[in-house]
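Spelled out, the chains give:
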Amino acid sequence: MRTYDITSTVEDFILEHSSRELKYSSAEKIGVIEVPDFPTLGRVVALRFVEWLQRNPEGVISLPTGKTPEHFIFWTQRLLETWNQSDTQELLGKHGLDTAHRPRMESYVFVQIDEFFPLNPEQENSFAHYIRRFYMETFGLDPKKALLMDAWKRGAPAGKNLGEIFPDGFVDMTLRYRAPQSDIERAQAAAIEETDQAMLEYEARVRQCGGIGFFLGGIGPDGHIGFNIRGSDHFSTTRLAPINYETAAAAATDLGGIESSRRKAILTIGLRTLTWNPTATIVIMAAGESKAQVVRDAIEMSPSVSYPGTVLQSCQGARFYLTRGAISKLSARRKRDWAVGKELSAIVAERLMIDLACRRRKPLVALMPADREGDELSMLLPAAVKQFSELVSRTDGAIRERIDRATMPLRESVFVHTGPHHDDIMLGYLPYIVHLVREPSNRHHFVTFTSGFTSVTNRYLFDQLENLTAHLKNGLLDALIAEDYFAPGDINGKNRDVFQYLDGVAARSKEMDDEGEARRMYRNLAEICGTTDMDAINLEISALRSYLATRYPGQKDIPKVQKLKGMIREWEEELVWAHLGFSCEQVRHLRLGFYTGDLFTPQPTIDRDVKPIRDLFEQLKPNIVTVALDPEGAGPDTHYKVLQATAEALRGYVDAHPDRALLVWGYRNIWHRFHPAEANLYVPVSLNSLAIMQSTFNLCFGSQRNASFPSYEHDGPFSDLAQQIWAEQYETMKICLGREFFQSHSVARIRAARGMNYLKQMTPEEFFREARKLRQATESREAV
C-alpha cells in the first residue's frame, strides 16, 4: 500500500483568510472548507488537486462526472495550460504551491468512479465519454493508465454487446440467485456473473496500484457517494448493484427519462474502495441549499448505512468543500453566523421562533422561554420573558398580516407572469392566479423564457406523430387543409386548436382531444417545413420516424427536433391558461438562446436573451412581474440564468420609467421552498384550488403526465408534489397560529384553506439586491 502526502497549504490559506475553522464543536466529524460561491468552489478544489498532484507524483486519482465539476474542470485546465503566466504563478504561489514544477499529468493512474449498466461508452451521456472528453483530453492524462469500467462488452458473447443481452435496458438482479427461465435469461445471468467477476478484478487492480490517493466527488440526493446509495455497506467494494429511485430521478434527464434510468443497474467503486488507503485525500464538493441536508447528515450523524458519507468520518484526509448554501444546515456554523452582534436580525429571530413552534408543536402564543431548552439554535432567542413575548407577538402578527394581505383584492393591475419552463408558473402559484383572474379590471400575460425541449421524451414525440399520421390517413384533416386552416402565423387557427382539445375534455371525448393534438402537430410541422402541403408534411413525419429510431435515450437532438419538442411544451401551456379564458395572444414563448441542451450551457447575453425580455416589458407595461426566485443552486442552472436575464431587463425598464409603479413577486415551486420567514405573501389554498391544479396539470401536460423527468423527492407527477408542499406549509401555519385561526376565521376563503402557498413581494430595488446576491454566490470571478 502506498503512503500519500495529505498535507495542504491550500487549505491552510483558505482557512486563514476565511476566518473559519476546519471543524466546529464535536458535532462536525469531518473537516469543512467553506467558500463563498460556486466558481470559487471549483477554483479552490482545482488548487487542492494540483497541490496533491505535485506532492504525490504517479499517484492514483479518481474524479467525478456531471455538472458539479464544471468550474473544477475549467480552473484545472486553466492552471495547467497557463502555468508559466504571471497571474497563474501568483495564484499558485500565494497558496503555497511549487511554481517551478508543473505536474506531469501523463504519470497518474485514473480510476473511474461509476457507470450506468448497460451503457455504450460511445454515447455522449455515458460517464466513460465524459472521462475521455474532460479528463483524458483536457487534462492530458494517459488513457493507457486509466482503469475504466466496461458496461458494454465484457459478459456478452463474441460479436454481441450488453445492449443486445439486455434489450430493454432492464437488469434483473434476481438472476444472481434464481434459475433462468429462458435462453435470454441464461445469457443475462451469465453476463451478470461475468460482470461481477470483472468488478472483483477491478477492485484488485485499484489496490495493486496502491489504492485511490485523491478522490473528488459530489454527493447525491440520497447522500450517495459514487453510486453507493443509501443503505450501502461501509465495507463495500467495487460491484454491480441496483439503482434506487432518487438516483434514477436525478439521472432521468441525462438518460432520456425515468423510464430508461430506473431500469438500469450501476457499476460503482465501493465505500471501502474509496477509503482503503488510509492516507487518501477525499474531497466531497457540494453547492446550493438543496444539498444542505445530505451534507449535514454526512458530517454530523453517527456512522450509518442510511448516510453513506458518514464512512468518511474515520478518514484523516476527508474534507467537504462547500458553498454557503450547502453549509446552511450545519448547526454550529449557522449559530456562529446568527449570533454576530448584540441581537438577532428580524428575519433570523422570526425563523427561529417559527422553527421552535413547529419543533414543540405549539402555537406561537403558547411558547415560553423554557421551550428553547435542548436546541442550541433556539437558545439564541431571548431568555427574558418580556423580550421573548414581544418577539412571539411580532411573529404571530406578521404571519396573520401576510395571510390577510394575500386575500385582499387587486384591481387595475397588469400582470406579467414569467417562468423558466412551461409548468413553473402553474406549479409555483396557480391557486393565487385562480383568484386574481376573477377581477375583470386586471390584465394577465404569461411568458415562458425557454423552449423546454429536454422535458419531452422521444417516445412521446413519436406517439404524437403517430396520432397525426392516423388523422391524415383517415382524411380527418382534409377539410381544414383545404380551407388553409394551417396558414403560418394564424393566431385564430391556434386558438381553434386549443378550443378543439378543451371541448373534447368537457365532452369526455378522446377523439376530439386527439384531433386537437393532431391539428397542433400539423401546424408545428408546417412551421418547421415552411409549407402546409400535406405531401411535404408526410415526408417530414417519415424522416422524423427514421431519426427517432436511430437515437438513444438522452442523446442531444438536432435543432429541428429541439424546436418541435419545444412547440409541444408551448401547446401544453396554452391549454393551461385557456382553462382560465386566456387566448394564445396572451401566452408568449421567448425561446431564449442560452437554452441549448448542452451539459454546460452558455450564460445569457444582452442582445440574445435580455433584449427580448426588455422589449416585452416595454410592450406590456406591467405593474406586477412574477419570477422564479430560487436560492443558491448547484451552479448556473436554467432558473438562475432566467432570473439574471429578467433582472437585467427589468433594471433597464425601471430606469427608463422611474415613475411607473412596479412590484416583483418571487415564487418557488417543487424544486425549492421558502421558509415562512423568507416570504411575505401567504396564499390560502382550498381543496377546490388543489383539484383545479391536479386536473389542469394532468389534462394539459401530456408530456409530463407520466413523470418522465420527476423530482427525486416524489415518484409521480409534479402536481402531486406541489400539493404535498402546499399541504405541509399549511400544517406549519396551523401549528403557528392554532387550528382555531382557520376554523373560526371570518373570511370563508381562509376557513376553506387546506394548503398554503408562499410568495415574496419585493420592490424592484429589493429584487435587484436578491439577484445580485445570487449572482455573487454563483458567478464570482474574484481570486481567492
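Structural notes, computed from the coordinates. (Residues numbered from 1 in each chain as written. Predicted model: local features only at pLDDT ≥ 70, side-chain atom pairs only at ≥ 80, totals over all residues. Heavy atoms only, no water.)

For the rest of this paragraph, the subject is the environment of I73. Looking at the element boundaries, I73 is found in helix α3 (residues 70-81). Take I73: its relative accessible area is 5%, and that puts it in the buried class. Distance in space between the C-alpha atoms of I73 and A46 is 7.5 Å, their sequence separation being 27 residues. Among residues more than four places away in sequence, those in contact with I73 are Y130, F134, Y135 and F139. (Helix = DSSP H or I, 4+ residues; strand = E, 2+ residues; numbered from the N terminus. Buried < 20%, exposed > 50% of the residue type's maximum accessible area, 1.4 Å probe, protein only. Contact = heavy atoms within 4.5 Å.)

We now examine the layout of surface pockets. As a volume, the second largest pocket reaches approximately 440 Å³. Around the second largest pocket, the lining comprises 20 residues; the ones closest to its centre are E343, L344, A349, P382 and R394. Sorting the residues of the lining of the second largest pocket by element identifies α13 (346-360) and α14 (385-407) as the ones contributing at least two each. With 6 residues, α14 is the single largest residue contributor to the lining of the second largest pocket. Class assignment of the residues belonging to the lining of the second largest pocket gives a composition of 11 nonpolar, 4 polar and 5 charged. (1 Å grid on protein atoms, 1.4 Å probe; cavity = no way out; pocket = protein on both sides within 12 Å on 5 of 7 lines; lining within 4 Å. Points joined across faces, edges and corners; volume = space filled by probe spheres on them. Nonpolar A, V, L, I, M, F, W, Y, C, P; charged D, E, K, R; others polar.)

The next thing to look at is the sheet that holds strand β1 (residues 31-34). Strand order across the open sheet formed by 7 strands is β1-β10-β9-β6-β2-β3-β5, with parallel pairing between neighbours. Each edge of the sheet is formed by a strand with only one pairing partner; in this case those strands are β1 and β5 (146-147). By the bridge criterion, 4 bridges tie β1 to strand β10 (residues 318-322) in an arrangement that is parallel. In the sheet register, V32 faces β10, and the bridge partner there is F320. Across the sheet, helix α2 (residues 38-55) lies against β2 (60-62), β6 (214-217), β9 (281-286) and β10, angled at about 170 degrees from β9, the strand it touches most. (Pairing = 2+ DSSP bridges. Axes fitted to C-alpha atoms, helices over the stretch in contact; angles between N-to-C directions.)

What follows covers the pattern of salt bridges. As enumerated under the stated definition, the model contains 57 salt bridges in all. The partner of R178 in a salt bridge is E185, with the nearest N and O atoms 2.9 Å apart. Of the charged contacts in the structure, one is a salt bridge between E570 and R591, with a shortest N-O distance of 2.8 Å. Of this pair, E570 sits in helix α21 (residues 559-578) while R591 sits in the loop between β13 (587-589) and α22 (606-620), and the two are 21 residues apart along the sequence. Its relative accessible area of 6% is what places E570 among the buried residues. Each member of the salt-bridge network shares a partner with another, and the members are E11, R48, E51, R55 and R319. (Salt bridge = Lys/Arg side-chain N within 4 Å of Asp/Glu carboxyl O.)

Now for the packing of α2 against α3. Helix-helix packing is characterised by the crossing angle of the two axes and by the distance between the axes. Packing of α2 against α3 brings their axes to within 7 Å, and their N-to-C directions diverge by 50 degrees. By the angle between their axes, α2 is oblique relative to α3. Pair α2 / α3 crosses with right-handed handedness. Taking contact as the criterion, the partners of F38, P39, G42, R43, V45, A46, L47, F49 and V50 in α2 are, on α3, H71, F72, W75, T76 and L79. (Parallel < 35°, antiparallel > 145°, perpendicular 65-115°, else oblique. Left-handed = near helix turned anticlockwise from the far one by under 90°.)

A word on empty space enclosed by the protein. In total, this model carries 5 cavities of 30 Å³ or more according to the counting rule given. Within this model, the largest cavity holds a volume of roughly 80 Å³. For the lining of the largest cavity, the secondary-structure elements that each account for two or more residues are α25 (718-737) and β17 (753-762). Top contributing element to the lining of the largest cavity by residue count: α25, with 4 residues.

I61, L63, F72, Y135, L312, F320 and L322 are the most contacted members of the largest nonpolar core, which totals 96 residues. When residues in this core are grouped by element, the largest group, 10 residues, is from α2. Once residues within four sequence positions are removed from consideration, L312 is found in contact with I30, I225, L274, T275, I282, I284, A318 and F320. The next biggest cluster of nonpolar side chains, apart from the first, holds 63 residues, and it includes L367, L380, Y640 and Y758. (Core = buried A, V, L, I, M, F, W, Y, C linked by side-chain atoms within 4.5 Å.)

All right, on to helix α4 (residues 86-94) then. Within α4, the full set of buried residues consists of T88, L91 and L92. Down the axis of α4, the smallest arc covering the buried residues is 95 degrees, so these residues share one side. Turned more than 90 degrees from where α4 packs its buried face, S86 and E90 sit exposed. The inward-facing, buried residues of α4 abut α2 and α3. Residue G96 follows α4 closely and has a positive phi angle near 85 degrees. (Arc of directions from axis to C-beta.)

This brings us to the sheet that holds strand β15 (residues 663-667). Taken in spatial order, the 7 strands line up as β13-β12-β11-β14-β15-β17-β16 in an open sheet, and their pairing is mixed. Only two strands of the sheet have a single partner each, and these edge strands are β13 and β16 (681-686). Going from strand to strand, the sheet's axes swing by 25 degrees on average, the running direction of each strand aside. As paired strands, strand β12 (residues 443-448) and β13 are joined by 3 bridges and run parallel to one another. Looking across to β13, one finds that V447 is bridged to R588. Together, β11 (414-419), β12, β14 (624-628), β15, β16 and β17 form the strand contacts of helix α15 (residues 424-436), whose direction differs from that of β11 by roughly 160 degrees.

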